[in-house]
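A structural walkthrough
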Amino acid sequence: MPATSPSSATSIGSVDARRVEDAFSLIAPKWTTWSAQTLAQQSSPMRVRDVAARLPFVSEQLVGKRLAQMHADGLVTRVGDRHGAPYQLSAFGESLSRVHDALADWSQAHLSLGGRVAGAERIEDAVRRLHLRDSTAVIQALDTGGPMRFVHIAEEAGLDNGWTRQRLNRLQVDGLVARTGPRHGDPYVLTDAGRALGPVYAAVEHWSDPVATRHRSAPPPPVAAATRTHTGVPLASDNIRTAAALRRSAAAPSALFSHAPQPQPRVPTVVTTQSTPSRGR
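From a predicted model like this one, the values you see are computed outputs, not experimental measurements.

**Comments concerning the overall build of the chain**
- Looking only at helices and strands, the chain has 14 helices and 6 strands in total.
- Here the chain holds 281 residues, and 48% of them are scored as buried.
- The contacts of the chain with a sequence gap of at least 6 include a subset with a gap of at least 24, amounting to 71%.

**Topic: the nonpolar core**
- Phe 24, Leu 103, Trp 106, Leu 130, Leu 142, Tyr 201 and Trp 207 are the most contacted members of the largest nonpolar core, which totals 61 residues.
- Here Leu 130 is in contact with Phe 24, Leu 103, Trp 106, Ser 135, Thr 136, Leu 176, Leu 197, Val 200 and Tyr 201, once residues within four sequence places are set aside.

**What to know about the packing of aromatic side chains**
- A complete count under the given rule lists 4 aromatic pairs for this structure.
- Ring centres of Trp 31 and Trp 34 lie 6.3 Å apart, and the angle between their planes is 55 degrees; on these two criteria the pair is classed as tilted.
- Classification of Trp 34 by relative accessible area gives buried; the value is 0%.
- Their ring planes at 35 degrees and their centres at 5.8 Å tell us that Trp 31 and Phe 57 sit as a pair that is tilted. One end of the pair, Trp 31, is in the loop between helix H1 (17–27) and helix H2 (32–40); the other, Phe 57, is in the loop between helix H3 (48–54) and helix H4 (60–72), and 26 residues separate them in sequence. Each member of the pair, Trp 31 together with Phe 57, is buried.
- It is Lys 30 that lies over the ring of Trp 31; its NZ or CZ is 4.7 Å from the centre.
- Taking NZ or CZ as reference, Arg 165 lies 3.7 Å from the ring centre of Phe 150, over its face.

**Here's the deal with unusual backbone geometry**
- Phi is positive for Trp 31, which is not a glycine, with a value near 80 degrees.
- Here Trp 31 falls in the buried class, since its relative accessible area comes to 5%.
- Phi at Asp 134 takes a positive value of approximately 80 degrees, unusual for a residue other than glycine.
- Looking at the element boundaries, Asp 134 is found in the loop between helix H7 (119–130) and helix H8 (135–145).

Conventions and cut-offs
Residues numbered from 1 in each chain as written. Predicted model: local features only at pLDDT ≥ 70, side-chain atom pairs only at ≥ 80, totals over all residues. Heavy atoms only, no water. Helix = DSSP H or I, 4+ residues; strand = E, 2+ residues; numbered from the N terminus. Buried < 20%, exposed > 50% of the residue type's maximum accessible area, 1.4 Å probe, protein only. Contact = heavy atoms within 4.5 Å. Core = buried A, V, L, I, M, F, W, Y, C linked by side-chain atoms within 4.5 Å. Phe/Tyr/Trp six-rings, centres within 6.5 Å; stacked < 30°, edge-to-face > 60°. Lys NZ or Arg CZ within 6 Å of the ring centre and 35° of its normal.

Written out as structure tokens, the structure reads:
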């Protein structure tokens, strides 16, 4: 099938939700975007220690593990088979820049992270909101038929009621879904941020290759233990909040920073004025 460029007018409902989520699973692990963008800035392959030197807020051991996983997923290649061989982005990894651009544009336009936020952190925050299994199906159901009560969302998405409730709760926290009123039974609707996801999904689907995204090579050889660790920034968890200390860090590459705060996601005005849902009991 010939490749086509993702269109800004792409409908949320027209994308393959499973394929999109399979692709997101490759870039969802924390520090994947940071590592990919660090490699992209260089004209030559980099050893683990050299990548870690550009990311002093991450331990060398963690950088090594992340690069090894990216190698298994086809995002990077190794120059040689010897221990400690340097890494470089594969063609698949290089093409990820279009996805990063789409995620960054969407985040800048619809999410307010506050303060001075590194571009790679903004992208990883966006992926964190979007990558969970079946979230895309819930968003597609609401894009097609919202406002909807959760039981009808579950039916439309083909999901269990309890699982759908969990996904809706998480999407509400992440600013992509909201209720049309304060009552427990009020229907759900996409926020402005949720309704604007078409170009993001299109970019991810266009980038992903069904074989590459589903193929997993044999486990990579163990990465040598780190010769140093960095203690300047806490790494207590894999949550995006861990990176909050990076927002004003001079150590992060300046090209990855974006500055302008953006308005918070909100429910479309036309929806909040409705007193009666369009469907549901």
